[in-house]
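Survey of secondary and tertiary structure
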Amino acid sequence: MMGRCEKEKSMAEKKKILYIVEAMGGGVFTYIVDLANELVNEYDMYIAYAVRKQTPLNYKDYFDKRIHLIEVKNFGRAIDPVKDIAAFFEVKKIAAKVDPDVIHLHSSKAGVIGRMAFNGKIPMFYTPHGYSFLMENYKPMKRRAFKLIENVCAKRKCITISCSMGEHQETLKLTKRATYVNNGINMAELQKIIDKTERVKHPFTVYTLGRICYQKNPTLFNSIAKSLPDVKFIWIGDGELREELKSSNIEITGWTDRKSAIKYAVSADVFLLPSRWEGLPISLLESMYMKKVCVVSNVIGNRDVIHNGENGFVCSGIAEFVKAIKQAQGGVDRLVEKAYQDIITMYNTKNMAKRYSERYRKEINRGGGGTEKYNTVILNNCYATTRVVAL
């Protein structure tokens, strides 16, 4: 059996990772859950987060019980100088208490506040999950302001890890301290839900999943549905632009839990993603794993994963979307199987976690890490190696 001293040493040498996440909803939420639950076997994981409307009510149940969850009360999606300054000091206070070996910032708001709050003495990473300056729902002047902010923040001592090659190419225009790790999905967790889901007979069905908002392009989704009146369309989710979905063959499920969302997807045939922009959508990766024909818009993220005519369809207008869906009705098993194999070999949580862990270890070792301070304490008193954090 491992003695008390050995146990204390093992605990002490488990490095601390602090994730700071403002956008805890949708695909980013799924990404954080899957990545943290995988990395907690190797690291002591802390997540400082904000709750959004899209955050599941039982969000804590999704996380491994060993993960420390810390709510940032002052985080908000919109720019609010008073709350943003308060969030700045709040995350600094949290980091001081956690004393992490690595800080990883997720989404634009956390990326700006975090890069300003920390001076780079602790290895720091930033993942945009879709740059704000690429979001077409903002006016040109606002997008230019967002890009200026990213340019300023990019000069801080921080490595940007994009979630797709397309996003990485945008990052390289801002900084050379950059790499990318493709998003991945938790295949085992998804398969468990699929195995428990009853498959029901259904007409040929096209679905999408997410918030009904400008980014997801409900206007185009509606136009495609109107062009195919004999096909059933389902939008799994809800949002401020639900009135755009007027075609009589569209069903809107409203917000639903993960198991119900997967149930709708399992009993469908084509995954349609007509987005105006993306990072690297988890919903797309999960649909590829479920062997659905994927028909996507020609934007960063989508086209990094789907290659037209090889593992799905990449489209640039209504006519191309309609043509692709009609082709899917005729059977495209070769494309579906290729998409599935891409998930198995490239876009899964274990591969993703391994890549992130390699980056974390490299930066910890480059900075000297924290091993020596633990060794000193262990040599003098093996019972004094565990750091207690009061949060």
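Everything here concerns the structure above.
Below is a short write-up of the structure.

What counts and how
Residues numbered from 1 in each chain as written. Predicted model: local features only at pLDDT ≥ 70, side-chain atom pairs only at ≥ 80, totals over all residues. Heavy atoms only, no water. Pairing = 2+ DSSP bridges. Helix = DSSP H or I, 4+ residues; strand = E, 2+ residues; numbered from the N terminus. Axes fitted to C-alpha atoms, helices over the stretch in contact; angles between N-to-C directions. Contact = heavy atoms within 4.5 Å. Salt bridge = Lys/Arg side-chain N within 4 Å of Asp/Glu carboxyl O. Buried < 20%, exposed > 50% of the residue type's maximum accessible area, 1.4 Å probe, protein only.

Side note on the sheet that holds strand β3 (residues 68-71)
The sheet built from seven strands is open, its strands ordered β3-β2-β1-β4-β5-β6-β7 with parallel pairing. Each having just a single partner strand, β3 and β7 (178-180) make up the two edges of the open sheet. With strand direction ignored, the average angle separating the axes of adjacent strands in the sheet is 20 degrees. Note that strand β2 (residues 44-51) and β3 share four bridges and pair parallel. Note on β3: the bridge partner recorded for I47 is L69. Where helix α2 (residues 26-39) meets the sheet, its contacts fall on β1 (16-24), β2, β4 (102-106) and β5 (124-127), and the angle it forms with β1 comes to roughly 165 degrees.

Observations regarding the pattern of salt bridges
By the definition in use, this model includes 18 salt bridges. Where K350 meets E38, a salt bridge forms, and the shortest distance between an N and an O atom there is 3.1 Å. Taken together, the positions of K350 in helix α14 (residues 349-366) and E38 in helix α2 put the pair 312 residues apart, joining distant regions of the chain. Taking the relative accessible area as the measure of exposure, K350 reaches 56% and is therefore exposed. Residue classification places E38 among the partly exposed positions, given a relative accessible area of 23%. E150 is the salt-bridge partner of R115, the closest N and O atoms lying 2.9 Å from each other. Taken together, the residues span a long stretch of sequence, with R115 in helix α4 (residues 108-117) and E150 in helix α5 (residues 140-153) at a distance of 35 residues.

Some remarks on the sheet that holds strand β12 (residues 293-297)
Read across the sheet, six strands follow the order β10-β9-β8-β11-β12-β13 without closing on themselves; strand pairing throughout is parallel. Two strands close off the open sheet at either side, each with one partner strand: β10 (250-252) and β13 (313-315). When the angles between neighbouring strand axes are averaged without regard to direction, this sheet yields 25 degrees. Examined bridge by bridge, strand β11 (residues 270-273) and β12 share four bridges and lie parallel to one another. Its bridge partner lying in β12, V270 is registered against V293. Set on the sheet, helix α8 (residues 218-227) makes contact with β8 (205-209), β9 (232-236), β10 and β11; between it and β9 the angle comes to about 160 degrees. Here helix α9 (residues 258-266) sits on the sheet and contacts β8, β9 and β10; the angle it forms with β9, its principal contact strand, is near 160 degrees.

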